[in-house]
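# Examination of the molecular architecture
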Amino acid sequence: MAPPTTPFQSFVVPNTSFECTPTRWEIKGTYYPYALHYCKVKNFWVKVDPNGFMEYFVHGADNNTYPDPIAMPNRDAIRLRKFNNSPFYNHATKQLAMPQPYKLIKYTKEVPTFLFSSCLPNTWFTLRGCSLPMYHALKHWNLLDSNVRLVMLLDWPDNPPKNQTQMLFKNFIQFPLTDRPIEYLHSSKGTLYFFEEAYVGLNSLSMDSVPMNSSLVREWSDYVIDRYEAKTSETIRYDPTGKKPIVTFINRTKNRRFINLNEIVNFTKSLNFDVQVSEFYFEQDPIEQLRLMQNSTIFISAHGMQLSYMVFMRPNTSITEVLYKWGMTYKETYLQLSEASNIRYFRPLTEEGHWEQPAEEACKGVNPEDLQACLDNPSHRCKGGCLDYWSKAANMVLPLKSLETILKKGISGEKPKCKFHSFVRTNGKNFAATECL
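Residues numbered from 1 in each chain as written. Predicted model: local features only at pLDDT ≥ 70, side-chain atom pairs only at ≥ 80, totals over all residues. Heavy atoms only, no water.

### Quick look at the state of the cysteines
- The full count for this structure, using the stated rule, is one disulfide.
- A sulfur-sulfur separation of 2.1 Å characterises the disulfide bridge that pairs Cys418 with Cys436. On the sign convention where negative means left-handed, the S-S torsion of about 105° between Cys418 and Cys436 marks this disulfide as right-handed. Linking Cys418 in strand S22 (residues 418-424) with Cys436 in strand S23 (residues 430-436), this pair joins segments that are 18 residues apart in sequence. (Disulfide = S-S within 2.5 Å. Helix = DSSP H or I, 4+ residues; strand = E, 2+ residues; numbered from the N terminus.)

What follows is the structure, encoded as C-alpha cells:
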C-alpha cells in the first residue's frame, strides 16, 4: 500500500545521489554496446502533472555523476530532468514551488523499494524485459526474499493496466519476487512522489541479449519454479526417467490454430509419443503453465507469445515455431531465446493457410498470390488490413513430413539445419524466410 498523501505547494529540495555498479555482459565474443548498471538512488522524485504527464527528477550539486539515463529493467530507460531546470525551482531559496497545490507521497527507506519502468503488456516483454533483469538486480542488492516493494512507473494509456496485464505481472513479477502487491504510479494527477531510497535495475538486459553461453536465463527460470513450488507446495518439476517423451501441441484460442490438429496428434501417437494438447491462455493457472512446459520434451506451436514460456522447459528439449510462409514477418526472436535457454529450435514454413469468417466480401477466397498483392497494397483493407488480418491471423496446416523430421530430431538430439528461402511475389519482389528443420 502506498504511503499517505500530504498536500504542499513549496518545499526545499534535498540532493539526489546515486550508487551505481556498471556491468558488462560478453555476448558471442563481443561486448553489448550499452553499459549495464545496478543503481541505488537516494532522494529520487517522480512528478505527475495535472494532465497526467510523468517526469523523473534529480537534484543536487553532484556534477551529473549519475547515469543518464538511469538504468531501468527494460529497454525504455528513464531520462532525467534536473529540478533546477524546472521553471518552478527557485535557485536562491532552493525551493520548489508549484503554481497550484500538489499531493506529496513519500516512500521511506524502512521498506526496500525497487523501481521499474513500463513492461509492455504481453508475455514476451514481461518475462524478458522485467522479470529476468529484476531478478538479477534484486540478487545483486541482496533483496531476494526480502519482501521488497515493487513500484512501477507507468506511462501507458491504460492506467491502471488491463486485468490480463495485471494478472501477467502478478504471476511472473510479483509472485516470484515479493509477497507485496505491485504498486502503480499512474492515476494520481498533480502528485509528486518522493523516494528516500530506492533501487533500480538493469538497462538493456533481456533474454535475447544475454550471453548465449551464460546461465543467466536458466538461473532465473529455476528460481521462478522454485518459488512457486515453495509458496504453493505444488510439484512442478518433471522427472522424465523411464517415461515416454511428451509432445505438446498448443492450439491457440482465436487465430493461428492448427487446421489439421487431429491428423498431427494421431500421427504423433503412432510414433509412440505421449501427446498433450493445450490452448494456453492468459487466465490459465500459472502452475499449470509451468508444469506444461516442464513436462514437454517437444513443444510445437504457431508463432505467438506462448513460445516465450520455453524458458521454463528442461534443457536440451526442443521447441517448434510454425509459420505461414506467405504472410508472417520473420524475426529471430525465439531462435535467440532458444539459444539462451539451451533448447533446440525448429521452424517449419507451411504453405497452406486459411482465414475464418472474413469481415468483407473482398477477403473471401484469397489465394497466396492475391495475399502478396494485398500486402503490397496498403490501401487495400479487410478486417484490420492485410498485414494484421492475413499475415498474423492465418490458421495453418502443419505438414506431416515436417512434423516427422521435428519428432525424430527432437528425440535424437540432432540439431536442425536452417536454410534460407526466397519467394517471388506477384509484383516481382523477393520475399525471404528462413526454415529450420
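Still more to cover.
### Things to note about the nonpolar core
- Residues Phe114, Phe116, Leu150, Ile173, Leu177 and Phe312 are the most contacted members of the largest nonpolar core, which totals 52 residues.
- Among the secondary structure elements, those contributing two or more residues to this core are strand S10 (113-117), helix H1 (123-140), strand S11 (149-153), helix H2 (163-177), helix H3 (216-232), helix H5 (286-295) and helix H6 (333-340).
- Grouped together as the second largest cluster of nonpolar side chains are 21 residues, Phe258, Val322, Tyr324 and Leu398 included. (Core = buried A, V, L, I, M, F, W, Y, C linked by side-chain atoms within 4.5 Å. Buried < 20%, exposed > 50% of the residue type's maximum accessible area, 1.4 Å probe, protein only.)

### Observations concerning helix H4 (residues 261-270)
- For H4, the set of buried residues is Leu261, Ile264, Val265, Phe267 and Thr268. Buried residues of H4, seen end-on, are gathered within an arc of 165° and therefore sit on one face of the element. Facing away from the buried side of H4 by over 90 degrees, the exposed positions are Asn262 and Ser270.
- Of the surrounding secondary structure, the elements contacted by the buried residues of H4 are strand S14 (246-250), strand S15 (274-278) and helix H9 (400-412). (Arc of directions from axis to C-beta. Contact = heavy atoms within 4.5 Å.)

### Describing the packing of aromatic side chains
- Applying the stated criterion across every chain yields a total of eight aromatic pairs.
- Among the aromatic residues, those joined into a ring-pair cluster are Phe172, Trp220, Tyr309 and Phe312.
- Just above the ring of Phe175 sits the side chain of Lys231; from NZ or CZ to the centre is 4.3 Å. (Phe/Tyr/Trp six-rings, centres within 6.5 Å; stacked < 30°, edge-to-face > 60°. Lys NZ or Arg CZ within 6 Å of the ring centre and 35° of its normal.)

### Quick word on the side chain of Arg314
- Relative to the helices and strands, Arg314 resides in the loop between strand S16 (298-302) and strand S17 (318-324).
- Here Arg314 occupies a buried position and makes no salt bridge, while the nearest side chain of opposite charge, Asp239, is found at 7.6 Å.
- Looking at Arg314, its side chain comes within polar contact range of the main-chain oxygen of Ser296, at 3.3 Å.
- Sequence-distant contacts of Arg314, defined by excluding residues within four places in its chain, comprise Arg218, Tyr238, Pro240, Gln294, Asn295, Ser296, Thr297 and Ile343. (Lys, Arg positive; Asp, Glu negative; His and termini not counted. Salt bridge = Lys/Arg side-chain N within 4 Å of Asp/Glu carboxyl O. Polar contact = N/O pair within 3.5 Å; in protein donor to acceptor, adjacent residues only side chain to side chain.)

### Some remarks on the packing of H4 against H9
- Between H4 and H9, whose axes approach to 11 Å, the crossing angle comes to 40°. Between H4 and H9, the interaxial angle falls into the category oblique. Crossing handedness for the pair H4 and H9: right-handed. Of the residues in H9, those in contact with Glu263, Ile264, Phe267 and Thr268 of H4 are Leu400, Leu403, Glu404 and Leu407. (Axes fitted to C-alpha atoms, helices over the stretch in contact; angles between N-to-C directions. Parallel < 35°, antiparallel > 145°, perpendicular 65-115°, else oblique. Left-handed = near helix turned anticlockwise from the far one by under 90°.)

### Comments concerning the confidence of the model for the protein chain
- When the pLDDT values of the protein chain are averaged, the result is 75; 65% of them are 70 or greater.
- Overall, residues 356-360 carries pLDDT values under 50, and its contacts beyond four positions in sequence, including any with other chains, amount to nine contacts.
- Note on residues 381-385: pLDDT under 50 across the span, and eight contacts to partners over four residues away in sequence or across chains. (pLDDT = per-residue confidence, 0-100.)

### What about the packing of H1 against H2?
- It is at 10 Å that the axes of H1 and H2 come closest, and there the two elements cross at 10°. Accordingly, the angle class assigned to the pair H1 and H2 is roughly parallel. On H2, the residues touching Thr123, Thr126, Leu127, Cys130, Ser131, Met134, Tyr135 and Leu138 of H1 are Leu168, Phe169, Phe172, Ile173 and Leu177.
- In the contact of H1 with H2, the residues fall into 10 nonpolar, three polar and no charged. (Nonpolar A, V, L, I, M, F, W, Y, C, P; charged D, E, K, R; others polar.)

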